[in-house]
Amino acid sequence: MIKNILKTYRKAFVSCMVLAGFILGGCENYLDRSPQATITDTDVFGSFISFQGFVEEMYDCVIDVHKVLGGNLSYSFSASDELLSTAPIIWDDGNYWTQTTFLYGASPNFAYGSNLTRMRVWPFAWYGIRKANLGLSKLDLLTDVTPEQKNVIRGQLLFFRGFLHFELMRYYGGLAYVDEVLSSSEELTLPRLTYKETAAKVSKDLEEAATLLPLKWDDTEVGRPTIGNNGQRITKIHALSMLGKNLLYAGSPMMNESSTGSNTYDAALCKQAAEVFGQIIKICNETGTYRLQTWATWTDNFWVWSPGNRDRPGGTEVIMNPTVIIPGYVRFTTNRTSNPVQYGAGNARVEVPTHNFIKNYGMANGLPIDDPESGYNPNDPWTGRDPRFYVDIAYDGVRLVDNATAAAAKANEFAQLSNSGFHRNGTPASSGVAGSVTGYFYRKWAPKGCNPWDNRWGNFQSYHPLMRLADVYLMYAEAVLHGYGTPASTSTTIALTATEAVNTIRTRAQLPNLTAKYIASKDAFMKQIIRERAIEFAFEGHRFFDLRRWNISGNAEYLDKTAIDFDRGPNGKPINLRERVVVKRVFEKRHNWLPFQLKDVRLYEGFPQNPGW
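Reference entry: report on the structure contained in this document. Because the structure is a prediction, the values reported are computed rather than measured.

**Concerning the overall build of the protein**
Within the protein, the secondary structure is distributed over 20 helices and 10 strands. If you take every contact in the protein between residues at least 6 apart in sequence, the share linking residues at least 24 apart comes to 69%. Accessible area of the protein: about 22500 Å², with a carbon and sulfur share of 51%.

Right, here's the structure in full:
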């Protein structure tokens, strides 16, 4: 595994490739040197400008798998119960060996460029870890700098080493933690650690990074040369957010079971996570560094209308976004040729929400649809739902096109998703155009206007957040519940109960607080956390990891991926509604972790394959 990476990339470790949009002034002369010039370690690591250039290549190692897979007919970013497609979705059949292409990549290309399919989690993580270790080993060469400059260099290096190990662990479990520069000529002997042991090392790096990094780069001397353009740089809040997430993951049932055999939460780790999340919320409350978007601006988390493609989504809430900026490369737009009202993936494939997942969206009165008092009417299923439903989902009858003057635009003006509708996949009315296989589209990433007639996609940018403040609140609630024991518990860093944290997110979504019966017990409240995370982070890539870490991905209620079949009655309302199973996911115990490539587990005896593979 590691040896192959080192042999391939050992000549790249003294590069000064600075990411587009992250260039610090003064590096141009260095970059103008001819490739044949002799470059010494002092040239690269002796000044803040060149060392920061070295560090910033690691920002390119933060993979946005959603963009990487854009237009690929075989893969979906959501290998869980959220989506179906006109093509088979990765891993629904239980064949995790297909991740060789998805996460490994046949021939990764580390040169910065607009082709995001060059980027894969496995090689880019090890590449970034190698660079972090090399940088840490060269810090003594950084002499003529201020303490602040040296701190931010070390803080970023530690952050990326911890974060990139965590990214790998989420898929593969415990690893060998590489915290030194390894030689490609040395025999590999690093033992594979348990998940908890690996997570402890990640925590150590992220905790130290948080003490070294600034709260806001714009408020520092080191950030002054690029003031106003520091929004994507790693900060104290980035490090704390990932630290808390790492601790909560390590304390979750699947990870705890893999390390100790106990399918329960680790209360001690949950307490640690709660304290970290509480610290973040407290800092943000006191400083305004990050703030929850209002409901009116909630979609700023996901997309923006951006004339000239200069603005990015994120607003005040997104803590960490993918760092590679490719204007115009937006995965979740409508398909301009085969289906002008498609909401989903590129090319001829249409990714759409499953009906089973749609049932997570409760009612506007705040109750789940299976609550007898909710008022949910199965014969009128799209009326009176959670406000987020109407932002996320396009259902039958929803307006898709505003400028519906042309004949083709008129035909697509409203969603026609009944069994015989124009936008339902495979119907005679669809004339062979790919459409929905479930009776829904989603529009979280491609709002109304991204079509040939409204023609707003030229000024549109959409990115999947990697960390939002809303996630901090909901992870805080989960960590407090399982660390301190009740929905009414708080952390010691902030007087915020687990219930209040969940209600904060619900209030923003225009919902009332959870009613008494849903906070009366630990189990009842946890079910609401599971549901709230499904809705708030729908289609953001969390679901695959959440269901696994909770050790419930193989439960029967998450295996059937369903469609809603119906006809249209004389009044245009749906009639004859019935749920139909389209795919039954395969998920066994071995699917907790992905398999390593066989060539990697054969490198040395201390690096075994994951169980069941």
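**A look at the environment of M255**
Here M255 lies in helix α11 (residues 253–260). You can call M255 buried: its relative accessible area is 1%. In this structure the C-alpha to C-alpha distance between M255 and G173, which are 82 residues apart in sequence, comes to 7.8 Å. Here M255 is in contact with Y195, Y249, A250, R549 and W593, once residues within four sequence places are set aside.

**Let's talk about the layout of surface pockets**
Looking at the largest pocket, its volume works out to about 920 Å³. Every residue lining the largest pocket is counted, 31 residues in all, and those nearest its centre are K527, I530, R531, E557 and Y558. Those elements giving two or more residues to the lining of the largest pocket turn out to be α18 (522–536) and β9 (560–568). Considering every element that reaches the lining of the largest pocket, the biggest residue donor is α18, with eight residues. Residue classes in the lining of the largest pocket are distributed as 12 nonpolar, eight polar and 11 charged. When its volume is computed, the second largest pocket comes out at roughly 760 Å³. Lining of the second largest pocket is provided by 30 residues; of these, N230, G231, Q232, Y290 and G315 occupy positions nearest its centre. Here the lining of the second largest pocket takes three residues from strand β3 (residues 318–320), the largest share from any one element. A class-by-class count of the residues in the lining of the second largest pocket yields 10 nonpolar, 15 polar and five charged.

Quick notes on the rules
- Residues numbered from 1 in each chain as written.
- Predicted model: local features only at pLDDT ≥ 70, side-chain atom pairs only at ≥ 80, totals over all residues.
- Heavy atoms only, no water.
- Helix = DSSP H or I, 4+ residues; strand = E, 2+ residues; numbered from the N terminus.
- Contact = heavy atoms within 4.5 Å.
- Areas by Shrake-Rupley, 256 points an atom, 1.4 Å probe, with all protein chains shown as cover.
- Buried < 20%, exposed > 50% of the residue type's maximum accessible area, 1.4 Å probe, protein only.
- 1 Å grid on protein atoms, 1.4 Å probe; cavity = no way out; pocket = protein on both sides within 12 Å on 5 of 7 lines; lining within 4 Å.
- Points joined across faces, edges and corners; volume = space filled by probe spheres on them.
- Nonpolar A, V, L, I, M, F, W, Y, C, P; charged D, E, K, R; others polar.

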